[in-house]
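Geometric and topological summary
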Amino acid sequence: MHLLRLTAVAAAVALVSAPLQAREITFGHVGGPDSLFTDSANHFAELANERLPDPYEVVTFGSSQLGNDSELLQKLRLGTVDFALPSTIMSSVADEFGLFELPYLIQDREHMKRVEEEIVWPTLAPLAEQNGYRIIAVWENGFRHITNNVRPIHSPEDLRGVKLRTPRGAWRVRMFEEYGAEPSPMALSEVFMALQTGVMDGQENPLAQIAGQRFQEVQDYLSLTGHVYTPAYLTAGRRFNNLPEEIQEILIEVAQETQGFVYEHAARLDEDLIDVIRQAGTDVNEVDTSVFIDASGSIYEAFANEVPGSQELIDKVLELGNDS
């Protein structure tokens, strides 16, 4: 009896003195080691972990370690991942997100801040929530440019016959079809090999993704088209609401604070990475964007006709751009 009592006391002492079991807040994304996504996610995790009490800790997993964008959205819904950083693929959640696949709609980051305040939060974020996703901050993927191994791209005519990888956004595919390319959606993790083997001639991405994925090693030409600006959305799923309210508040606060870092860092990368890509042997050319803008009217018309209420959204974005 005495031995049993001692054993019980020892077990109780061990239980009290044992450290709390860690609760990892998992954050998966598709960005490579040197990408804007990785830098953004790691900055967020560092700030969050300074403020989160034990046993909570944000742990990031880049390079599609937890899945591609489609798989990460599914895992958010299932509750097996806490955070993801989707971009173009959000148009598969709600058609209205396709607004950010329209060419030359967003002028600059100041314009995007106004669009975030007056369109993303009041209109798009609730649509995401209706489908099981909670956007807690708007970050950046960036201004997109075209790389390929066929020819420099100066006009839509130069895209004719170019096998071009795109993300899984229906309106991006239709835009490049209208320009004359042969677009094919593909997970980012598969693109390097597709370019290296010639399955794809080219792809389009922000400079930070191009350099982060080392596409300059397998691409001859970079054309600075800046054809689309894509936000990235720090998005939570099923498990977020199960976190204590104080933990949710810390994560939301840090996520929104991180936007300033993201925009500043992205602007710096836009300047620095052209030289990195050029030094790898990739030819870089400027583009007269007016010829692309002139070829884009049918895309706007189709989007307005097929997505209810989208003409009002387009008009509002253009109006906000006039405030620049």
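The structure under discussion appears in the preceding block.
Described in the following lines is the structure provided in the data block. Note that the coordinates shown come from a computational prediction; the quantities given were computed from them, not determined experimentally.

Looking at the environment of Ala304
Tracing the sequence through the fold places Ala304 in helix α10 (residues 297-306). Residue classification places Ala304 among the buried residues on the basis of a relative accessible area of 18%. In this structure Ala304 touches Ser310 and Gln311, once residues within four positions along its chain are discounted.

Regarding unusual backbone geometry
Along the chain, Asp54 connects to Pro55 via a cis peptide bond; the corresponding omega equals 10°. Its location among the elements puts Pro55 in the loop between α2 (36-51) and β2 (56-61). For Ser63, which is not glycine, the phi torsion reads 55° and is therefore positive. Mapped onto the secondary structure, Ser63 falls in the loop between β2 and α3 (69-78). Classification of Ser63 as partly exposed rests on a relative accessible area of 40%.

What about the nonpolar core?
Core analysis: the largest hydrophobic core is formed by 101 residues, its most contacted members being Phe44, Phe83, Leu234 and Leu251. Here this core takes 12 residues from helix α8 (residues 245-279), the largest share from any one element. Setting aside anything within four residues of it in sequence, one finds Phe44 in contact with Phe27, Val58, Phe83, Trp139, Leu234, Leu251, Val254, Ala255 and Thr258.

So, the packing of α10 against helix α11 (residues 310-321)
In contact at an axis separation of 7 Å, α10 and α11 are set at 130° when each is read in the N-to-C sense. Here α10 is positioned oblique relative to α11, judged by the angle of their axes. Of the residues in α11, those in contact with Tyr300, Phe303 and Ala304 of α10 are Ser310, Gln311 and Ile314. Here the residues of the contact of α10 with α11 sort into 4 nonpolar, 2 polar and no charged.

Some points on the pairing of strand β4 (residues 134-148)
Extensive coverage of β4 is indicated by the burial of 14 of its 15 residues. Alignment of β4 against strand β9 (residues 229-236), held across 8 bridges, turns out to be antiparallel. Its bridge partner lying in β9, Trp139 is registered against Ala232.

Calculation criteria
- Residues numbered from 1 in each chain as written.
- Predicted model: local features only at pLDDT ≥ 70, side-chain atom pairs only at ≥ 80, totals over all residues.
- Heavy atoms only, no water.
- Helix = DSSP H or I, 4+ residues; strand = E, 2+ residues; numbered from the N terminus.
- Buried < 20%, exposed > 50% of the residue type's maximum accessible area, 1.4 Å probe, protein only.
- Contact = heavy atoms within 4.5 Å.
- Core = buried A, V, L, I, M, F, W, Y, C linked by side-chain atoms within 4.5 Å.
- Axes fitted to C-alpha atoms, helices over the stretch in contact; angles between N-to-C directions.
- Parallel < 35°, antiparallel > 145°, perpendicular 65-115°, else oblique.
- Nonpolar A, V, L, I, M, F, W, Y, C, P; charged D, E, K, R; others polar.
- Pairing = 2+ DSSP bridges.

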